[in-house]
Amino acid sequence: PDAAKEDAGEETADATSSDAATEESPYPALPEDLEATIYAKMEAAKVPGLSACVIKDQAIYWCGGFGMANLALDQAVSEHTPFLLASISKTFTSALVLQLRDEGALALEDDVDTLLGWDVAHPLHEAPITMHQLLTHTSGIDDNWGAMGDFYGMDEDPPMSLQEAIEGYFQPDGQWYDAAANFLPDAPGDTHHYSNMAVALAGHLVEKASGQSFAERCDERLLQPLGLENTGIFLADFETTDTLAMPYEWISGAHVPTGHYTFADYPDGGIRSSAHDLARFLLMHIRGGELDGVQVLEPETVDAMLSPQAPVEWGEQGWIWGQLFWGGDGWWGHNGAE
């Protein structure tokens, strides 16, 4: 579920059966032809497993899993299987930033140096970098993948803290600082350019504004209030990695496991969550920041998040969320790249 449109569940749910829930599942059964089509498309795309949920009338109408989460362990996918969200993790970071904005702990138009206590200076321009720019991909910060590779850990949690990665990337004497590769030629605010490290910086600013680690803040202000029981950032957040969806590559006619990986710039892509948990997170946005009687974001904040904040060629850019147009309809969400 990666689009916040109140009638999205109604449109998608038309393809599901109206049969009553079975004893094995609280959700309606899928028509056999639809299930067969899903498996056929998975086979064609060489996808070993997937999960999905449908939202209808501001409630979860259907959830389910298909295929295998771990082939070696014969572990099937369910709606509660955690998958690495990759860039959809950015929507959690945006929510945490805007909570702090609403509490008065930060202002989106302030120079980020105010919170950091040191300068994130664009090497070619004097214009300040702001939180608004970080959340709209207009900061002038670029992704230097040659440096960011050092932030990864294989089958273990990140080899360094978020703070260490940020300081090493943005401070001129930092281990991974490169004026040409870490920044665009354009001034902050001038150009829309998708940037993972800009959002990682926003995540570190959450730490500076709250006095908590990003992981602690996320757990306390989002995961626990929303009842997201199968969501976490670190491998250590899960009782066992056997329950996680294993990433695979299709090589020489076989699914080859790549192993579980983490990275120190995790606010831009390191959260793992299940389809059911992600549906609840989406529901919170659809319901104006509230779920099960808990107000996580103010309604006005959600409205602004899902409103144009910066011009782009492909649709509309909100605060992390974007509006894409399919079939003539506008859908607010995050496709993992814009």
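Quick caveat: nothing in here was measured; it's all calculated off a predicted structure.

Draft legend 1. Local environment of the overall build of the protein chain. In terms of regular secondary structure, the protein chain is built from 11 helices and 15 strands. Expressed as lengths along the three principal axes of its C-alpha atoms, the size of the protein chain is roughly 60 × 45 × 35 Å. Burial statistics for the protein chain: of 338 residues in total, 51% are counted as buried. Residue pairs in contact within the protein chain that sit at least 24 positions apart in sequence constitute 68% of those at least 6 positions apart. When the accessible surface of the protein chain is totalled, it reaches about 14700 Å², and 48% of it is carbon and sulfur.

Draft legend 2. Molecular detail of unusual backbone geometry. One non-glycine residue with positive phi stands out, namely Lys46, at about 60°. Along the polypeptide, Lys46 turns up in the loop between α2 (32-45) and β1 (49-56).

Draft legend 3. Main features of a negative patch on the surface. Residues Glu216, Asp219, Glu220 and Asp237 make up a contiguous surface patch of negative charge. Here Asp219 is to be found in helix α9 (residues 214-223). With a relative accessible area of 30%, Asp219 lands in the partly exposed category.

Draft legend 4. View of the nonpolar core. Core analysis: the largest hydrophobic core is formed by 78 residues, its most contacted members being Phe92, Leu134 and Phe170. Ranked by the residues each element gives to this core, the list is headed by helix α8 (residues 196-210), at nine residues. The contacts of Phe92, once residues within four sequence positions are left out, are Leu85, Cys218, Leu222, Leu223, Leu228, Ile271, Leu278 and Phe281.

Draft legend 5. Broad picture of the state of the cysteines. Enumeration according to the criterion identifies one disulfide in this entry. Across a sulfur-sulfur distance of 1.9 Å, Cys53 and Cys63 are joined as a disulfide pair. Disulfide Cys53-Cys63: torsion about the S-S bond near 110°, hence right-handed. Of this pair, Cys53 sits in strand β1 while Cys63 sits in strand β2 (residues 59-70); the two residues are 10 residues apart in sequence, bridging distant segments of the chain.

Draft legend 6. Quick peek at the sheet that holds strand β13 (residues 316-317). Strand order in the open sheet formed by four strands is β12-β13-β14-β15, with antiparallel pairing between adjacent strands. Each edge of the open sheet is held by one strand with a lone partner, namely β12 (310-311) and β15 (329-333).

Draft legend 7. View of the environment of Ala198. The residue Ala198 is located in helix α8 in this model. What makes Ala198 buried here is its relative accessible area of 0%. Along the backbone, Ala198 and Trp62 are 136 residues apart, and their C-alpha atoms lie at a distance of 35 Å. Residue contacts for Ala198: discarding those within four places in its chain leaves Leu134, Ser139 and Ile141.

Draft legend 8. Region of the structure containing the pairing of β2. Bridging between β1 and β2 involves eight bridges; their strand directions are antiparallel. Its bridge partner being in β2, Ser51 is matched across the sheet by Gly65. Taking the residues between adjacent antiparallel strands as the criterion, β1 and β2 are bridged by two residues, where Asp57 takes a positive phi near 55°. In this structure, β2 lies alongside strand β3 (residues 75-76), joined through two bridges in antiparallel fashion. Residue Asn70 lies in a different strand from β3, and its bridge partner there is Gln75.

Draft legend 9. Main features of helix α10 (residues 275-286). Across its 12 residues, α10 extends 16 Å between first and last C-alpha, which sits within 8% of the 16 Å expected from 1.5 Å per residue. Turning to α10, its buried residues are Ala275, His276, Asp277, Leu278, Ala279, Arg280, Phe281, Leu282, Leu283, Met284, His285 and Ile286. Immediately beyond the C-terminal end of α10, within one or two residues, lies Gly288, with a positive phi of roughly 75°.

Draft legend 10. Representation of the confidence of the model for the protein chain in the model. Predicted confidence across the protein chain gives a mean pLDDT of 92, with 93% of residues reaching 70 or more. A low-confidence stretch, residues 1-20 (pLDDT under 50), is modelled with 53 contacts involving residues beyond four sequence positions or located in other chains.

Draft legend 11. Summary view of the pattern of salt bridges. Across all of its chains, the model carries six salt bridges by this definition. Its salt-bridge partner being Lys46, residue Glu43 comes within 3.3 Å of it at the nearest N-O pair. The class for Lys46 is partly exposed, based on a relative accessible area of 30%. Ionic pairing is found between Arg287 and Glu290, a salt bridge with its closest N-O pair at 2.8 Å. For Arg287, a relative accessible area of 31% corresponds to the partly exposed category. For Glu290, a relative accessible area of 15% corresponds to the buried category. In this structure, a network of salt bridges that share partners links the residues Glu103, Arg217 and Arg221.

Calculation rules
Residues numbered from 1 in each chain as written. Predicted model: local features only at pLDDT ≥ 70, side-chain atom pairs only at ≥ 80, totals over all residues. Heavy atoms only, no water. Helix = DSSP H or I, 4+ residues; strand = E, 2+ residues; numbered from the N terminus. Buried < 20%, exposed > 50% of the residue type's maximum accessible area, 1.4 Å probe, protein only. Contact = heavy atoms within 4.5 Å. Areas by Shrake-Rupley, 256 points an atom, 1.4 Å probe, with all protein chains shown as cover. Patch = residues over 30% accessible without salt bridge, like charges linked within 9 Å, V, L, I, M, F, W, Y side chains within 5 Å. Salt bridge = Lys/Arg side-chain N within 4 Å of Asp/Glu carboxyl O. Lys, Arg positive; Asp, Glu negative; His and termini not counted. Charge placed at Lys NZ, Arg CZ, Asp CG, Glu CD. Core = buried A, V, L, I, M, F, W, Y, C linked by side-chain atoms within 4.5 Å. Disulfide = S-S within 2.5 Å. Pairing = 2+ DSSP bridges. Expected span 1.5 Å × (residues − 1). pLDDT = per-residue confidence, 0-100.

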